[in-house]
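Chain by chain, the residues run as shown.
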Amino acid sequence: MMRLPFFTFTLGFFLSMMGAGAVRAQNPHAARPGSINYVEGKASIGTQALGANSPGSVELERNQTLTTDDGKVEILLTPGVFLRVAENSSVKMVSPDLTNTEVEIVGGWAIVEVLDIHKENNIRIDLNDTNTKLLNKGLYGFDAGQNQIRVFKGKAEVTAGDQKITLSGEHELPLNTGGKLKAQGFDTRKYEDDFFRWCGLRSGYLSEASVDGARAYLGPCPGWYGPTWVGPGWYWVPNFFVYTFVPSDGIYYSPFGWGFYSPIIVYRSPFFFYGYYGHGPHHFENFHYPFGHGFEPRGGFHGGGFHGPVAPGRGPR
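### Details of the overall build of the protein chain
When its secondary structure is counted, the protein chain shows 4 helices and 21 strands. Across the 317 residues of the protein chain, 55% fall into the buried class. For the protein chain, long-range pairs separated by at least 24 residues make up 54% of all intrachain contacts whose partners lie at least 6 apart in sequence. Surface accessibility of the protein chain: about 14,100 Å² in total, with carbon and sulfur atoms responsible for 53%.

### Things to note about the confidence of the model for the protein chain
For the protein chain, per-residue confidence averages 80 on the pLDDT scale, and 74% of positions sit at 70 or higher. A low-confidence stretch, residues 285–299 (pLDDT under 50), is modelled with 63 contacts involving residues beyond four sequence positions or located in other chains. When the criterion is pLDDT under 50, residues 302–317 qualifies, and its contacts beyond four places in sequence or with other chains add up to 45 contacts.

### Comments concerning helix 2 (residues 194–215)
Taking 1.5 Å as the rise per residue, helix 2 with 22 residues should run 32 Å; its terminal C-alpha atoms sit 32 Å apart, in good agreement. In terms of residue burial, helix 2 counts as a mostly covered element, since 20 of its 22 residues are buried. For helix 2, the side-chain oxygen to backbone nitrogen distance between the N-cap and Phe195 is 3.3 Å, and the N-cap itself is Asp193.

### A look at the packing of aromatic side chains
According to the stated counting rule, one finds 17 aromatic pairs in the structure shown. For the ring pair Trp234 and Phe245, a centre distance of 6.3 Å and an interplane angle of 80° mean the geometry is edge-to-face. Taken together, the residues span a long stretch of sequence, with Trp234 in strand 18 (residues 233–237) and Phe245 in strand 19 (residues 242–246) at a distance of 11 residues. A single burial state applies to Trp234 and to Phe245, both of which are buried. Clustering of aromatic rings is evident, with ring pairs tying together Phe152, Phe186, Tyr191, Phe196 and Phe256.

### Notes on the nonpolar core
Nonpolar side chains in soluble globular proteins generally cluster together in the buried interior. Leu66, Ile75, Val112, Leu134 and Phe142 are the most contacted members of the largest nonpolar core, which has 39 residues in total. In contact with Phe142, other than residues within four places in its own chain, are Ile105, Gly108, Trp109, Ala110, Val112, Ile125, Leu127, Thr132, Leu134, Gln148 and Ile149. Within the second largest apolar cluster, 28 residues are counted, among which are Phe196, Cys199, Trp236 and Trp258.

### Some remarks on the sheet that holds strand 15 (residues 163–168)
If you walk across this open sheet you meet the 9 strands as 3-2-4-7-8-10-11-14-15, and the pairing is mixed. Here the strands that pair on one side only, and so sit at the sheet edges, are strand 3 (48–50) and strand 15. Neighbour to neighbour, the strand axes of the sheet diverge by 25° on average, direction disregarded. Pairing between strand 14 (residues 155–160) and strand 15: 6 bridges, direction antiparallel. Paired with Ala160 across the two strands is Gln163, which belongs to strand 15.

### Some remarks on the pattern of salt bridges
A side chain with one charge may pair with a side chain of the opposite charge, provided their charged atoms come close. The tally for this structure, following the rule as stated, stands at 12 salt bridges. With its nearest N and O atoms 3.5 Å apart, the salt bridge here joins Asp187 to Arg189. Taking relative accessible area as the criterion, Asp187 reaches 43% and is therefore assigned partly exposed. A relative accessible area of 45% means that Arg189 is categorised as partly exposed. Across the salt bridge formed by Arg197 and Asp194, the nearest N and O atoms sit 2.5 Å from each other. Of this pair, Arg197 and Asp194 both sit in helix 2, 3 residues apart, roughly one helical turn. Via salt bridges that share partners, Glu74, Arg84, Glu113 and Arg202 belong to a single interconnected network.

### Points about the pairing of strand 18
By the criterion of burial, strand 18 is predominantly enclosed, with 5 of the 5 residues buried. Sheet topology note: the strand 18/strand 19 ladder contains 5 bridges and is antiparallel. Directly across from Tyr235, in strand 19, lies its bridge partner Thr244. From the end of strand 18 to the start of strand 19, which pair antiparallel, there are 4 residues, and Phe241 there has a positive phi angle of about 55°.

### Thoughts on the environment of Pro227
Along the chain, Pro227 turns up in the loop between helix 2 and strand 18. Considered as a pair, Pro227 and Tyr217 are 10 residues apart in the sequence and their alpha carbons are 7.8 Å apart.

### Points about the side chain of Ser207
Residue placement: Ser207 occurs in helix 2. Its relative accessible area of 0% is what places Ser207 among the buried residues.

### Some details on unusual backbone geometry
Although it is not a glycine, Asn63 sits at a positive phi angle of roughly 70°. Residue position: Asn63 is located in the loop between strand 3 and strand 4 (65–68). Under the relative-accessibility criterion, Asn63 is labelled exposed at 52%. Positive phi, close to 55°, is recorded for Asn147, a residue that is not glycine. One can find Asn147 in the loop between strand 12 (138–143) and strand 13 (148–153).

Rules and cut-offs
- Residues numbered from 1 in each chain as written.
- Predicted model: local features only at pLDDT ≥ 70, side-chain atom pairs only at ≥ 80, totals over all residues.
- Heavy atoms only, no water.
- Helix = DSSP H or I, 4+ residues; strand = E, 2+ residues; numbered from the N terminus.
- Buried < 20%, exposed > 50% of the residue type's maximum accessible area, 1.4 Å probe, protein only.
- Contact = heavy atoms within 4.5 Å.
- Areas by Shrake-Rupley, 256 points an atom, 1.4 Å probe, with all protein chains shown as cover.
- pLDDT = per-residue confidence, 0-100.
- Expected span 1.5 Å × (residues − 1).
- Polar contact = N/O pair within 3.5 Å; in protein donor to acceptor, adjacent residues only side chain to side chain.
- Phe/Tyr/Trp six-rings, centres within 6.5 Å; stacked < 30°, edge-to-face > 60°.
- Core = buried A, V, L, I, M, F, W, Y, C linked by side-chain atoms within 4.5 Å.
- Pairing = 2+ DSSP bridges.
- Axes fitted to C-alpha atoms, helices over the stretch in contact; angles between N-to-C directions.
- Salt bridge = Lys/Arg side-chain N within 4 Å of Asp/Glu carboxyl O.

Here it is, written out as structure tokens:
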């Protein structure tokens, strides 16, 4: 029997992978600032109830307000930036433009996770007559109930009237002092509540989705990208029913310690390409206690993941 040259076989294999990936990675709806990425429990935009089928098809548009009851919602902002809204909270989309993205925290508690940000971005969060511009990768909390802005990691610039102050990691800013704004340090463990841990789980789950999504954009040869690749950004992953962030090169680590993987990194890693990851379909409710992958992230929050037990035997340490 005639044997095909190795290169021909390899090329055919990658072409088939590329074709399959192109089909399963098609977005049902192009992701834009305000796109709903996950809904848990009861939430709505105006009179429109949100549910399990909202991701990939519903957006929080300009001047619309999203409200949660006993639910939580994850919203996409610019590529690599996630806004997560806690229970009994509400947020208003002021501007959904890619280079001018502004959201108001009307009530409750919200966390913004920033994996990637560029000088062309202008991402601002309003809270009680203040405007916060996010400057660096990091993790940012906005608490309307306690009237505080918190920077767990990263750097932000807060403007209130004629006052302006820069907040760095592990610093918070009380807004109800009535005088000059003054930042103060805080122990991040104080605010690692159920919602904070939920945000970490979401980050881990989306990290897994990035592995599955990145596989779809491998080209026919090592180091090549397929024709559906459009550069770093949001990519729909049907197996996980979410958008996730896929970088163009290397690994981008979240503030929680999870990695978001480029296609070439996934190709070079047999563990990711052939192993545990990418076997779907997956839903967030099925994933894992207490961390997104079932094991603590390397270099996670505080350099060692969250505080608490780690489920044994699920992946590398």
